[in-house]
Amino acid sequence: MVKETEQQKEQKHLDDVLGLIKTRQGQLDKSINRAQSEAQNLNAHFFDDLKLDYDGYSTSMDTALSIHQQQQMLQERQNAWQHSAKQLSTLKRLEKKPYFARVDFQEKGEDPETIYIGLGSFADKDDHFLIYDWRAPISSIYYDGKLGEVTYNAPDGEQTVNMTKKRQFLIEDGKITNMFDTNESIGDQMLLNVLNEKSSTQMKSIVTTIQREQNKIIRNTSADLLFVQGAAGSGKTSAIMQRVAYLLYRYRGNLTSSDVIMFSPNQLFNDYVKNVLPEMGEQNMVQMTYWQFVSRRVPGMDVETLFEQFEDKKQDSHIANLKDSLTFFNAVTRYANHLEKNGMLFRNIIFKDPKKPFYDKEKIKEIYYSFNENYHLRNRIETTKEALISSLNHRVEPETRKAWVSRTIESLDQEQLNKLYDRPDQEFESSAKEEHFLARKIVINQLKKVARKINQNRFLNIRGQYLAFLRAVPKLIDLSKWNITEDQWHEHVEQVKQSFIDHKIKMSDISPYLYLYDLVTGRRTDYSMRYAFIDEIQDYTPFQLAYLKYNFPRAKFTMLGDLNQAIFTKDESKTLLGQISKLFDPKKTDVVQLTKSYRSTKELTDFTKQILRQGEKIEAFDRQGPKPAFYKRDDKNGEYDALVDILKENDEAKLTTAIITKTLEQAQKVSEELKKRNIKATLVASANQRLVEGTLIMPSYLAKGLEFDAVVAWDVSKDDYHELDETQLLYTITSRAMYKLDLIYKNQLSPLFDNLDKNTYVNK
Ligand SMILES: Nc1ncnc2c1ncn2[C@@H]1O[C@H](COP(=O)(O)OP(=O)(O)OP(=O)(O)O)[C@@H](O)[C@H]1O
């Protein structure tokens, strides 16, 4: 049997490689121990070997040099040690599954070559690679091409090779359990094996089965904006994680994980993906939600949460549309420019006497506008601050004569006084001189508070300024084009004002507010961030994206989303790509579509895609499972009984279930009812909670980006889902299921399911 002997040959090769890995591990262990004990030795004798002589100038130079040399030696040992430790940790990852693929190819005029591809690289001698890292340039042909001519990007330009074999391995504990030769990009067999594994609370890496389209996303280095539209479950999030790993490898030495930031939909999701990069031997990038990004800047205010935003029904959609738009972003920019000439609002700086400002706001305004027109906002603020600080010096002397100062001196005890003197035995010519000395000390100390206020821009009235901007909006934007009357607008401004009084700010105000703040204060943006990833882009507004771009001017952006799953922005998301592309050079914008859904079985994908009336294209991956089932019940009790039955069934089949409700209130209710019935399930009520094993109950907006073996869509009745714009919500909920989907409802089914093909589901 040909296959068997081939497999035996491969097993022998694997045994050899494993043997070499073991040998190298032994060597590294030794060299690490040696480096460690040398470092300890050096440390222990650090001071013995030093010429500790602090007398003359030249000898102390010697001392410094000697310290420096010793430190350098330590550092070198340390580096060697770190290098070996890193290699060892790569080998640890390789020892279980050294590689997952082999490709044979031939370059024109060269000998045929065979390479093996794994999670890291391994060479037994210099440049003799037994395993190539999956991110190495040549590894790309494994993901990219069919047999025959394939091109890949080598360091010195495009290379074409003739690929003659592509083989995939399943290896467990050093044994090849299966292998396939394939002509496809990545054989479906291998993918099926991977996809059939059960879900867990942690996302897994997809290195072994990256698909061709996904590979394009992962290895793209040319675009300033890489925009990915991908169906639910098409691997957008997986592609991000692999892409970060790829970039860290490709730009090793120049790029670290702290130069990469990822904006994710919620904290739960961060938890879900946190192991992917470490498993590939990389560190996690900076990860936060947009909410965290903005709210840490306004500690004194409560920023509207995901929950409030989702449950807020009062929002006027015309006004929201305007405030979320690029038009509004540009209006803030124009308004800020106009402030260079006029209109800045200031606050008095108070010191001691609240009735008599220390610096009057009119005076500050005079200073601010005293500079010529070449001064832009940042210089104006800086020079105003300088002027105020330097005028503080002139305020010391007059202040020493104020009554509060002599009162303070009288109230000090000896110990406090001693602290004010330069030396304990300081002498003065006269008591008047002494008093004057102390007075100056006290005043200077106290004026530091004023200096701090100046440095913190406390003389600016940012909230007032933002309201002034809002009031100026009718002059900056033609409101009628947005179907908003001036009266409606002014009423809205009053609402914003009231919420400021209550220390609250809405999501639609926080970004314009911070943008205005940044422009006015000339706050420096983050030039160090090199890559920014935004997942679930459909939930961002054009304003937010423009603001992120402004914040990270040097970063290349990767934005991924599914316009079919817009929960917060709904219809606006349809024009999102058009709006975003205005922010980037069209020549440096790449758009990739992922249409195949890998998460769910064919039955589920074929079902869920019908919910979208005219959605983006979605193809099912051919993996089998049960058809989705509807449970129609007459009352709440009937619904709970159905739920209990489903949970039992899922438990027996060892499927992890998430019960997804529309609102938080419903989730809480379901949780209580299950408790009464002695069924264990964890309610996930906030994004700050951890993901745990077992059955989960969560509201729709927290389920973003997650996946579960089985999903129960709770109460999909007409009462709950009837608005057309709830389609995307329903789609997001149902597309979380990998293998089994059950939908429970009371009385009448939501009309959003009206167009279902009867063959795609069952009734139970
Ligand atoms: N090439 C692949 N090989 C193996 N598994 C894959 C591949 N691509 C995607 N998957 C699996 O499909 C599932 C969905 O992937 P992922 O969560 O990245 O999709 P998504 O596009 O971000 O989905 P959504 O927008 O619905 O949140 C995951 O379980 C992932 O591991």
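Since this is a predicted model, take the numbers as computed values, not measurements.

Draft legend 1. Molecular detail of the overall build of the protein chain. When its secondary structure is counted, the protein chain shows 26 helices and 24 strands. Counting every position in the protein chain, which comprises 764 residues, the buried fraction comes to 50%. Restricting the contact set of the protein chain to residue pairs at least 6 apart, pairs at least 24 apart contribute 74%.

Draft legend 2. Main features of the packing of aromatic side chains. Using the criterion set out here, one finds 45 aromatic pairs in the structure. Measuring from centroid to centroid gives 5.8 Å for F557 and F584, while their planes differ by 65°, and the two rings are edge-to-face. In this pair, F557 sits in strand β14 (residues 556-561) while F584 sits in the loop between α22 (576-581) and β15 (589-594), placing the two residues 27 residues apart along the sequence. Between R395 and the ring centre of F358, over which it is positioned, the NZ or CZ distance is 3.9 Å. A cation over a ring is seen here: K549 above F584, with NZ or CZ 4.9 Å from the ring centre.

Draft legend 3. Layout of the sheet that holds β14. What the six strands build is an open sheet, ordered β10-β9-β13-β14-β8-β15; its pairing is parallel. Of all the strands in the sheet, just β10 (286-288) and β15 have a single pairing partner and so form its edges. For this sheet the average axis-to-axis angle between neighbouring strands, irrespective of direction, equals 15°. Two elements, strand β13 (residues 531-534) and β14, share four bridges in a ladder whose sense is parallel.

Draft legend 4. Focus on the site of the ligand. Neighbouring the ligand are 23 residues, the closest being T209, T237, S238, E707 and R736. With respect to the ligand, the side chain of T237 contributes an N or O atom lying 2.6 Å from an oxygen atom. Take E707: an N or O atom from its side chain is 2.4 Å from an oxygen atom of the ligand. Contact with the protein chains covers 96% of the free accessible surface of the ligand, which is 640 Å². Every element with two or more residues in the shell around the ligand is listed here: α4 (188-195) and α6 (236-250).

Draft legend 5. Structural view of the UniProt feature "binding site: ATP" (unreviewed entry) in the protein chain. The feature "binding site: ATP" (unreviewed entry), as given by UniProt, occupies G230, A231, A232, G233, S234, G235, K236 and T237 in the numbering adopted here. Counting through the fold element by element, G230 comes out in strand β8 (residues 225-230). For G230, the contacting residues outside a window of four places in its chain are K236, G561, D562 and L594. You can see A232 is positioned in the loop between β8 and α6. Residue classification places A232 among the buried residues on the basis of a relative accessible area of 4%.

Draft legend 6. Summary view of the packing of helix α13 (residues 361-368) against helix α14 (residues 377-400). The contact between α13 and α14 brings their axes to 9 Å, and the two run at 125°. Here α14 runs oblique to α13, going by the angle between their axes. Handedness of the crossing formed by α13 with α14: right-handed. Between α13 and α14, the residues in contact are I364, I367 and Y368 and L377, R380, I381, T384, A387 and L388, respectively.

Draft legend 7. Here's a closer look at the environment of R463. Tracing the backbone through its elements, the reader meets R463 in helix α18 (residues 462-476). Sequence-distant contacts of R463, defined by excluding residues within four places in its chain, comprise M301, F500, H503 and Y513.

Draft legend 8. Region of interest: the nonpolar core. One finds F328, F469, W489, L548, F557 and M559 to be the most contacted residues of the largest nonpolar core, which totals 94 residues. Take this core: its biggest share by element is nine residues, from helix α17 (residues 431-455). Formed by 82 residues, the second largest nonpolar core is a distinct cluster that contains Y142, M698, I733 and Y761.

Draft legend 9. Region of the structure containing helix α26 (residues 727-734). Burial runs high along α26: eight of the eight residues are buried. In the core, the buried residues of α26 are packed alongside α10 (306-311), α23 (602-608), β19 (657-661), β22 (708-713) and β23 (737-746).

Draft legend 10. Structural context of the sheet that holds β22. Strand order in the open sheet made by the seven strands is β20-β21-β19-β22-β23-β18-β24, with parallel pairing throughout. Across the chains shown, the open sheet's two edge strands, defined by having one partner strand only, are β20 (682-683) and β24 (762-763). The pairing of strand β18 (residues 629-633) with β23 spans five bridges and is classified as parallel. Within β23, the residue paired with Y631 across the bridge is I744. Against the sheet, α26 makes contact with β19, β22 and β23, and its axis sits at roughly 130° relative to β23, the strand it touches most.

Draft legend 11. Structural view of helix α25 (residues 664-676). For α25, which comprises 13 residues, the first-to-last C-alpha distance of 19 Å matches the rise-based estimate of 18 Å (1.5 Å per residue) to within 8%. Every buried residue of α25 is listed here: L664, Q666, A667, V670, S671, E673 and L674. The first or second residue beyond α25 is N678, which carries a positive phi of 60°.

Draft legend 12. Representation of the side chain of Q25 within the structure. Mapped onto the elements of the fold, Q25 is located in helix α1 (residues 2-44). The exposure class of Q25 is buried, given its relative accessible area of 8%. Once residues lying within four places of it in the same chain are set aside, the contact partners of Q25 are L88, L91, K92 and E95.

Draft legend 13. The arrangement of the pattern of salt bridges in detail. Across all of its chains, the model carries 33 salt bridges by this definition. As a salt-bridge pair, D606 and K602 come within 2.9 Å of each other at their nearest N and O atoms. With D606 and K602 both in helix α23 and four residues apart, the pair spans about one turn of that helix. You can call D606 partly exposed: its relative accessible area is 22%. A single network of salt bridges, built from pairs that share partners, joins E6, K9, E10, R102, D104, K165, R167 and D181.

Reading guide: rules and limits
- Residues numbered from 1 in each chain as written.
- Predicted model: local features only at pLDDT ≥ 70, side-chain atom pairs only at ≥ 80, totals over all residues.
- Heavy atoms only, no water.
- Helix = DSSP H or I, 4+ residues; strand = E, 2+ residues; numbered from the N terminus.
- Buried < 20%, exposed > 50% of the residue type's maximum accessible area, 1.4 Å probe, protein only.
- Contact = heavy atoms within 4.5 Å.
- Phe/Tyr/Trp six-rings, centres within 6.5 Å; stacked < 30°, edge-to-face > 60°.
- Lys NZ or Arg CZ within 6 Å of the ring centre and 35° of its normal.
- Pairing = 2+ DSSP bridges.
- Axes fitted to C-alpha atoms, helices over the stretch in contact; angles between N-to-C directions.
- Near = heavy atom within 4 Å.
- Polar contact = N/O pair within 3.5 Å; in protein donor to acceptor, adjacent residues only side chain to side chain.
- Areas by Shrake-Rupley, 256 points an atom, 1.4 Å probe, with all protein chains shown as cover.
- UniProt positions renumbered as here; feature names shortened; annotations may be inferred.
- Parallel < 35°, antiparallel > 145°, perpendicular 65-115°, else oblique.
- Left-handed = near helix turned anticlockwise from the far one by under 90°.
- Core = buried A, V, L, I, M, F, W, Y, C linked by side-chain atoms within 4.5 Å.
- Expected span 1.5 Å × (residues − 1).
- Salt bridge = Lys/Arg side-chain N within 4 Å of Asp/Glu carboxyl O.

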